[in-house]
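Coordinate inspection notes
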Amino acid sequence: MSIPATPKEPFSLRTAAEAIPPVWLVMVSIVSVQTGAGVAKNLFEELPPAAVVWLRLLTSAVLLVLLVRPALRARSRTDWLVVVGYGVALAMMNFLIYQAFARIPLGIAVTIEYLGPLAIAILGSRRRIDLLWAGLAGLGVVALGLESGSMDPLGLLFAVLAAVAWAGYILLSAATGQRFSGASGLAFASVVGVVIMAPAGIAEGGAALLDWRLLLFGLVVGVLSSIVPYTLELNALRRMPPRVFGVLMSLQPAAAAVVGLVLLGELLSLWQWFAVGCVIVASAGSTRTSARERGGRTRDDSPAPPPPPGDRRRG
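A brief structural summary. (Residues numbered from 1 in each chain as written. Predicted model: local features only at pLDDT ≥ 70, side-chain atom pairs only at ≥ 80, totals over all residues. Heavy atoms only, no water.)

1. Re the overall build of the chain
- Looking only at helices and strands, one finds 13 helices and 0 strands in the chain.
- For the chain, the sequential pattern of α-helices and β-strands runs α-α-α-α-α-α-α-α-α-α-α-α-α.
- Split into buried and exposed, the 315 residues of the chain put 49% on the buried side.
- With an accessible surface of roughly 15,300 Å², the chain has 69% of that area assigned to carbon and sulfur atoms. (Helix = DSSP H or I, 4+ residues; strand = E, 2+ residues; numbered from the N terminus. Buried < 20%, exposed > 50% of the residue type's maximum accessible area, 1.4 Å probe, protein only. Areas by Shrake-Rupley, 256 points an atom, 1.4 Å probe, with all protein chains shown as cover.)

2. Quick notes on the side chain of Thr111
- Relative to the assigned elements, Thr111 resides in helix α5 (residues 106–113).
- Non-local contacts of Thr111, meaning those with residues more than four positions away in its chain, are made with Leu144, Pro253, Ala275, Val276 and Val279. (Contact = heavy atoms within 4.5 Å.)

3. With respect to the packing of aromatic side chains
- Under the defined criterion, the tally for this structure stands at 6 aromatic pairs.
- On the basis of an interplanar angle of 85° and a centroid distance of 5.3 Å, the ring pair of Tyr114 and Trp166 is categorised as edge-to-face. Remark: Trp166 occurs in helix α8 (residues 153–179) and Tyr114 occurs in the loop between α5 and α6 (115–123); sequence separation between them is 52 residues.
- Trp166 sits in the buried class, given a relative accessible area of 4%.
- Aromatic rings pair up to connect Phe44, Tyr98 and Phe101 into one cluster. (Phe/Tyr/Trp six-rings, centres within 6.5 Å; stacked < 30°, edge-to-face > 60°.)

4. Quick look at the pattern of salt bridges
- Applying the stated rule across the entire model yields 4 salt bridges.
- The salt bridge involving Arg179 is made with Asp79; its shortest N-O contact spans 2.8 Å. With a gap of 100 residues between them, Arg179 in helix α8 and Asp79 in helix α4 (residues 77–101) connect regions that are remote in the sequence.
- Three or more residues joined by partner-sharing salt bridges are found here, namely Glu46, Asp211 and Arg213. (Salt bridge = Lys/Arg side-chain N within 4 Å of Asp/Glu carboxyl O.)

5. Topic: helix α12 (residues 252–264)
- Between the first and last C-alpha of α12 there are 17 Å, a value that for 13 residues agrees with the 18 Å anticipated at 1.5 Å per step.
- Residues of α12 that are buried include every one of Gln252, Pro253, Ala254, Ala255, Ala256, Ala257, Val259 and Gly260, and no others.
- Positive phi appears at Gly265, one or two residues downstream of α12, with a value of about 70°. (Expected span 1.5 Å × (residues − 1).)

6. So, a nonpolar patch on the surface
- A surface patch of nonpolar side chains, about 580 Å² in accessible area, is lined by Val258, Leu261, Val262, Leu263, Leu267 and Trp273.
- If one sorts the elements of the nonpolar patch by residue count, α12 sits on top with 4 residues.
- With respect to the helices, strands and loops of the structure, Leu263 is situated in helix α12.
- For Leu263, a relative accessible area of 40% puts it in the partly exposed group. (Patch = residues over 30% accessible without salt bridge, like charges linked within 9 Å, V, L, I, M, F, W, Y side chains within 5 Å.)

7. A word on the packing of helix α3 (residues 49–68) against α4
- At a closest axis distance of 9 Å, the pairing of α3 and α4 adopts a crossing angle of 140°. The angle between α3 and α4 falls in the class oblique. The way α3 lies across α4 gives a crossing that is right-handed. Residues Pro49, Ala50, Val52, Val53, Arg56 and Leu57 of α3 form the contact with α4, whose participating residues are Leu90, Ala91, Asn94, Phe95, Tyr98 and Gln99.
- Within the contact of α3 with α4, the residues separate by chemical class into 9 nonpolar, 2 polar and 1 charged. (Axes fitted to C-alpha atoms, helices over the stretch in contact; angles between N-to-C directions. Parallel < 35°, antiparallel > 145°, perpendicular 65-115°, else oblique. Left-handed = near helix turned anticlockwise from the far one by under 90°. Nonpolar A, V, L, I, M, F, W, Y, C, P; charged D, E, K, R; others polar.)

This is the structure in structure tokens:
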């Protein structure tokens, strides 16, 4: 008597993602975010940064609203104020970092921008070890300063402002997550970002926004920078400790530098690579020591709520 075969689970993107180790999902997410930034920078020859930012936000907002279908009812005035602030931070973060991309190398811009979340982590801690990570990050800033004469000072300023905007984005993201379930808060914030960037994006883009090729590239940027990272990171966080996820995300500046080299031909100097390395080590170290401190009170590998998608980060 033959044993009936066990029916196979039908193929889906979810089952395919679950078959991939979570570490690789995070790595692909990182590459996707920075590749989206590289594609966006290539568009600057035909579209100004503000127009590219608007197309990216528009793409991610439409896709998020269709996928999440956030509910408009039963929201307080405070809820809407928080999510509007979140949307403003999202728009400003993207606008500022794209302005930096247009003027300085991708890897340098992302390294400086990464100082925003790193500052949030260090300033919110009372551990002495974080003084070491702060000093290491400061050393990276000094190394960048040694090379600043060869870079556009306005681009460096935009990157610093993007770091401040990212820090604000993180704080407002936490507040939004307490009031909105799942990705509904992010969907609303994306719509707010589209509305805020519309005047500048449409005015600077002009008739070029009617070119279907440029619209297609805008769609690619939105998918690579937002939808793909969010989906992969959400799946990875279900299957890996948050501390590991945080350490892996510290590789963002290095990924940006590599993508800038491969896609844009941006070759960094030895001091610039040293600066990137300092920020990566400082971020990874801060993440790990923070996880150990939490481990003294709760399980370190307990599930954590998913972070915002790639445009936190990021650009």
